[in-house]
Amino acid sequence: MGWGTWIAFKQFQNRREEEPSSLAPVSILKPLKGVDEGLLENLESFFKLNYPSYEILFSVTENTEPAISVVQKLLSKYPSADAKLVCEPQNTGPNPKINNLMTAYELAKHDVILISDSNIRVKPNYLLNLVPDLRDSVGIITAVVAGVSAKGLGGWLEASYLNTFFARWMVLTKKLGFPSVIGKSMLFRKSILKRLGGLKTLGHYIAEDYMAGHGIQKLDLTVELMRSPIEQFIGPYSYQNFWARHLRWGRIRKSIAPLAFLIEPLFFSTFSGVAGAISLNVLFGFSPLTVWGLHMALWGICDGLIYQLMDRFSWKALGAWVVREGLAPLLWISILSGNTVSWRGRDYRLLKGGLLAEGRTT
Amino acid sequence: MYLADFHLHSNFSDGKLSIPALVDYYGKRGFGAIAITDHFCEQTSLIGRASTYLGVTLTTATFPIYRELLKSEQERAWDQYGMCLIPGVEITKNSILNHRSAHFLVLGNLENIDPNLDISELSDRVRPEGALVIAAHPVSTQKIEKQTFHLWDRREELAPKVDAWEVASGPYLFDEVRYSGLPMIANSDFHSEKNMTSWKTLLSCEKKQEAVLQAIKKQQLDFQFYREETVREPSYSTLPWIMGPQLGHYGMGNVDSLQAISK
């Protein structure tokens, strides 16, 4: 726990010493679906990047997509920007995000591709900080996601998850040599992904990000984390949305790495606290309640420190942390009890290894 | 004439090197043809499922990426080394009983691979599409490891459905196969650099997939022993306090060190 916190601090203090030698042109791909609060500002942040050469390709699956009006507003506000809207979905497999992105991916002018979700908001130096780290030995650069601007119970729970458990998980798995890739921000070279069959090969998986990272490591290339977290604008988010999203993520994890999923409870503060309290009581006669209380306090301090690295820690964040830690075991049991997930209006059955089988429309 | 090795494992299953590293390793040594054949375990057995959980086998999830990477490395192997890379898998059916365990290689067309099928059914499915089926280490490998005798036990029934039987796997020749009259092939069963010293197949056909597969089928081949030069330098085991320093680190090989041994 303490080690994970220390690694997280080290990761985000890892500043680049040398000046970047070259800045390769970048094609930024933005898959869009629906209009969430903050979408305009999120997308606009990509028009304000301090970077010599980049294009932005927004992709949607339908002409009636409400996000189109937001994109059109930005295209008229920034007429000189190298940006366009693509509405030409392909059917490469059951993964709707890949189907949405395929045409934009094919149209991308540059070898360096950044796939970035619509709820990501970046600072002007984002690409300047990111691209120089894509060295020849690096296959893909992903990022730790900081949850910001949370509203509602679901939003705060989401922020608590991203800014504590998930942030530590990302840096720890990287340190242990099993890096995770998250689709919210993936920077890679098209020529590298082509060696694995290109983006279309990933269309059969629900966790296209995980498989991209897995495949790229098979080329003896590394998966790196960006030196600083990127911000996910959470906004208003219901408790139901939070639960459904984490049920989906959990079942995907279970499908890809069932053994790792089975030992996940050891990393829940409540469960490991209870296990530790019982063990120390049996072995040394310590008061279980005191041990559990100290354990939770220490865990809370470590999580608070990481949270502060990602976003400002507050009383609301503390409350959300308490609720989330209490919910974690219940969520885990719920994940264990099924193999279907709902995603963008469709139900999918998860097969072994993160493969998807089509389900019904909900 | 050129050397060939048709039984190599990458880190998609239990091999140490990645597919690009295997291509470079064999390409730099002047090999004319190789086949990468990672384990693809049947999922109906407990051992097969355990292998999946342990990540030492191809799975239905990783197989598409494996196939695509082989396709792209085929081009690079040819462009960079003039070497023919043949896509393959080792269908792996492991049981606690050696006589119920079978490993067989499928080389060439990997479109319709299902590791749960019996060799007879799979052979009927893939051979008409141009793939070759090879019985891997069908008799005792003379090593302390899992043995796979099932195919040898059924050799009379399977003879028409198997294109070749490994007469050598690594440094050992199998006399049972050698004098059986069955079509033969010699491979290293390469998992890491230490497996390089082994029997290899020698071909003289064009370095194209179809020509190579035909040469195996028609048995227009020979066998040679390839000895990798050993560079002795001290290395330490992960448990030095128990094991002490170890010697025997394998370094660059040399094709000049080939010793021809007749069939």
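Note that the structure is predicted; figures quoted are calculated from it, not measured. (Residues numbered from 1 in each chain as written. Chains lettered and ligands numbered in written order. Predicted model: local features only at pLDDT ≥ 70, side-chain atom pairs only at ≥ 80, totals over all residues. Heavy atoms only, no water.)

Visitor: Any details on the environment of A:A150? Residues and values, ideally.
Guide: All names here are of chain A. Secondary-structure assignment places A150 in strand β7 (residues 145–151). The buried category is assigned to A150, whose relative accessible area is 13%. Distance from A150 to F233, taken between C-alpha atoms, is 7.4 Å for residues 83 residues apart in sequence. A150 has contacts with G155, W156, A159, I234 and G235, leaving out every residue within four places of it along the chain. (Helix = DSSP H or I, 4+ residues; strand = E, 2+ residues; numbered from the N terminus. Buried < 20%, exposed > 50% of the residue type's maximum accessible area, 1.4 Å probe, protein only. Contact = heavy atoms within 4.5 Å.)

Visitor: Go over the pairing of strand β4 (residues 102–107) of chain B with me, naming the residues and quoting the values.
Guide: Residue and element names in this part refer to chain B. Counting buried positions along β4 gives 6 out of 6 residues, so the element sits mostly inside the fold. By the alternation rule, side chains of β4 split into A102, F104 and V106 and H103, L105 and L107, which are all buried. Relative to β4, strand β3 (residues 84–93) is paired through 6 bridges, and the arrangement is antiparallel. Looking across to β4, one finds that T92 is bridged to H103. (Pairing = 2+ DSSP bridges.)

Visitor: Quick rundown of the interface of chain B and chain A? Include the residues and the values.
Guide: Contacts between chain B and chain A engage 19 residues on the former and 17 residues on the latter. Both faces considered, chain B and chain A share a buried interface measuring about 1500 Å² in area, 64% of it formed by carbon and sulfur atoms. If you sort the residues of chain B by the area they bury against chain A, B:Y53, B:A61 and B:I65 come out on top, with a joint share of 36%. There are 1 salt bridge connecting chain B and chain A. One salt bridge in this structure joins B:E73 and A:R195, with 2.8 Å as the shortest N-O distance. Between the two partners, chain B and chain A, sit 5 residue pairs in polar contact (both at pLDDT 80 or more). If you list the elements that add at least two residues to the side of chain B that touches chain A, you get α1 (19–28), α2 (46–54) and α3 (63–81) of chain B. A per-element tally of the side of chain B that touches chain A places α3(B) first, with 7 residues. (Buried area = accessible area lost by both parts, 1.4 Å probe. Salt bridge = Lys/Arg side-chain N within 4 Å of Asp/Glu carboxyl O. Polar contact = N/O pair within 3.5 Å; in protein donor to acceptor, adjacent residues only side chain to side chain.)

Visitor: An account of the sheet that holds β7(A) is needed here, citing residue identities and associated values.
Guide: The pairing of strands in a sheet comes from backbone hydrogen bonds and takes either a parallel or an antiparallel form. Residue and element names in this part refer to chain A. One open sheet holds the 3 strands; their spatial order is β5-β10-β7, and the pairing between them is mixed. In this open sheet, the two strands that pair with only one neighbour each are β5 (120–121) and β7. Judged from the 2 bridges that link them, β5 and strand β10 (residues 230–236) form a sheet pairing that is antiparallel. Across the sheet, I120 pairs through a bridge with Q232, a residue of β10.

Visitor: An account of the nonpolar core is requested, with residue identities and associated values reported.
Guide: Counting residues in hydrophobic clusters, the biggest one holds 105 residues, and the most contacted among them are B:F6, B:Y26, B:V89, B:V106 and B:L107. Of all the elements, α3(B) adds the most residues to this core, at 6 residues. Judged by nonpolar contacts, the second largest core, of 64 residues, contains A:A8, A:L43, A:I68 and A:V70. (Core = buried A, V, L, I, M, F, W, Y, C linked by side-chain atoms within 4.5 Å.)

Visitor: Can you lay out the packing of helix α6 (residues 152–175) of chain A against helix α12 (residues 288–310) of chain A for me, pointing to particular residues and giving the numbers?
Guide: In helix packing, the relevant descriptors are the interaxial angle and the interaxial distance, both defined with respect to the helix axes. Residues and elements named next belong to chain A. Contact geometry of α6 with α12 gives a least axis separation of 9 Å together with a crossing angle of 105°. Taken together, the axes of α6 and α12 are roughly perpendicular relative to one another. Packed against α6, whose contacting residues are W156, A159, S160, L162, N163, T164, A167 and R168, the element α12 presents C302, D303, I306, Y307 and M310 at the interface. Residues belonging to the contact of α6 with α12 are distributed by class as follows: 8 nonpolar, 3 polar and 2 charged. (Axes fitted to C-alpha atoms, helices over the stretch in contact; angles between N-to-C directions. Parallel < 35°, antiparallel > 145°, perpendicular 65-115°, else oblique. Nonpolar A, V, L, I, M, F, W, Y, C, P; charged D, E, K, R; others polar.)

Visitor: Outline helix α8 (residues 208–217) of chain A, listing residues and values.
Guide: The buried fraction of α8(A) amounts to 7 of the 10 residues, a majority that puts the element mostly inside the structure. For α8(A), the set of buried residues is A:E208, A:D209, A:M211, A:A212, A:G213, A:G215 and A:I216.

Visitor: Report on the environment of B:I36, specifying residues and quantitative values.
Guide: All names here are of chain B. In this fold, I36 is placed in strand β2 (residues 33–41). I36 gets classed as buried once you look at its relative accessible area, which sits at 0%. In this structure, the C-alpha to C-alpha distance between I36 and I19, residues 17 residues apart in sequence, is 7.7 Å. Ignoring anything within four residues of it in the chain, the contact list for I36 reads L8, S10, I19, L22, Y66, L70, L85, I86, P87, G88 and V89.

Visitor: I'd like a rundown of the pattern of salt bridges, residues and numbers included.
Guide: All names here are of chain A. Summed over all chains, the structure comprises 27 salt bridges over all chains. Of the charged contacts, one joins E44 and K77 as a salt bridge, the two residues approaching to 2.6 Å between their closest N and O atoms. Note that E44 is positioned in helix α2 (residues 39–44) and K77 in helix α3 (residues 67–77), a separation of 33 residues in sequence. On the basis of relative accessible area, E44 is assigned to the buried category, the value being 9%.

Visitor: Would you mind going over a nonpolar patch on the surface in detail, with residue names and values included?
Guide: Together, A:L259, A:L262, A:I263, A:L266, A:F267, A:F271, A:L336, B:Y53, B:L54 and B:V56 make up a nonpolar patch on the protein surface, roughly 950 Å² of accessible area in all. On the basis of relative accessible area, B:V56 is assigned to the partly exposed category, the value being 32%. (Patch = residues over 30% accessible without salt bridge, like charges linked within 9 Å, V, L, I, M, F, W, Y side chains within 5 Å. Areas by Shrake-Rupley, 256 points an atom, 1.4 Å probe, with all protein chains shown as cover.)

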